[in-house]
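Coordinate analysis (summary)
One-letter residues, chain by chain:
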Amino acid sequence: MGESRLCPKFEAAFDILGKRWIGVLIRVLGSGPMRFNEIGERIPEISKKMLTERLKELEELGMVKRSVYPETPVRIVYSLTEKGEAITPALEEVQHWADEWLN
C-alpha cells in the first residue's frame with residue numbers, strides 16, 4: 001500500500017478552523033451582521049484583544065467584511081462574506097455531531 005497524504009487544501013482549512021474562536025466567531029456572525037460589542041456579548045469568554053485579532057484574521061482571509069459607517073460616533077459592523085457564509089453548512093453539521101455525541 002502506498003502512503004496516502006491529506007489534501008493540502010484540507011489541511012489549510014483546518015489550520016484556519018482549528019484556531020481557537022474562529023469557528024465560534026463564524027457561527028455567531030452566521031446569524032447576521034453585528035457590532036464588536038454584540039459579538040463579545042455572544043462570546044463572553046473571549047477577550048477583547050483576542051476578538052480583535054480573530055476578526056482581523058478572518059477579514060484578511062476574506063471571510064469577514066468590516067463595514068465602517070461615518071456616523072457620530074462611527075459605527076463599525078462585521079459580517080460574513082460569501083466565502084465566510086460558504087463554511088456555515090459544515091459548522092451546522094459539527095453542531096449536529098456535537099449535539100449527538102458530546103455531553
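Note that the coordinates shown come from a computational prediction; the quantities given were computed from them, not determined experimentally.

Definitions and cut-offs
- Residues numbered from 1 in each chain as written.
- Predicted model: local features only at pLDDT ≥ 70, side-chain atom pairs only at ≥ 80, totals over all residues.
- Heavy atoms only, no water.
- Helix = DSSP H or I, 4+ residues; strand = E, 2+ residues; numbered from the N terminus.
- Contact = heavy atoms within 4.5 Å.
- Polar contact = N/O pair within 3.5 Å; in protein donor to acceptor, adjacent residues only side chain to side chain.
- pLDDT = per-residue confidence, 0-100.
- Patch = residues over 30% accessible without salt bridge, like charges linked within 9 Å, V, L, I, M, F, W, Y side chains within 5 Å.
- Areas by Shrake-Rupley, 256 points an atom, 1.4 Å probe, with all protein chains shown as cover.
- Salt bridge = Lys/Arg side-chain N within 4 Å of Asp/Glu carboxyl O.
- Buried < 20%, exposed > 50% of the residue type's maximum accessible area, 1.4 Å probe, protein only.

Description of the environment of R66
Summarising the element assignment, R66 is placed in strand β1 (residues 64–69). The sequence separation of R66 and I76 amounts to 10 residues, and the corresponding C-alpha distance is 6.8 Å. Here R66 is in contact with E59, I76, V77 and Y78, once residues within four sequence places are set aside. In terms of polar contacts, R66 uses its side chain to reach the side chain of Y78, at 3.4 Å.

As for the confidence of the model for the chain
Looking at the chain as a whole, its pLDDT mean stands at 94, while 97% of the residues score no less than 70. Ranking the elements of the chain by mean pLDDT puts helix α1 (residues 8–17) last, at 92, and helix α4 (residues 48–60) first, at 98.

Some words on a nonpolar patch on the surface
On the surface, L6, F10 and F14 cluster together into a nonpolar patch covering about 330 Å² of accessible area. Along the chain, L6 turns up in the segment before α1.

Considerations on the side chain of R54
Its place among the elements puts R54 in helix α4. Accessibility expressed as a relative area gives 11% for R54, which makes it buried. Setting aside chain neighbours within four positions, we find R54 in contact with K19, R20, W21, I22 and L25.

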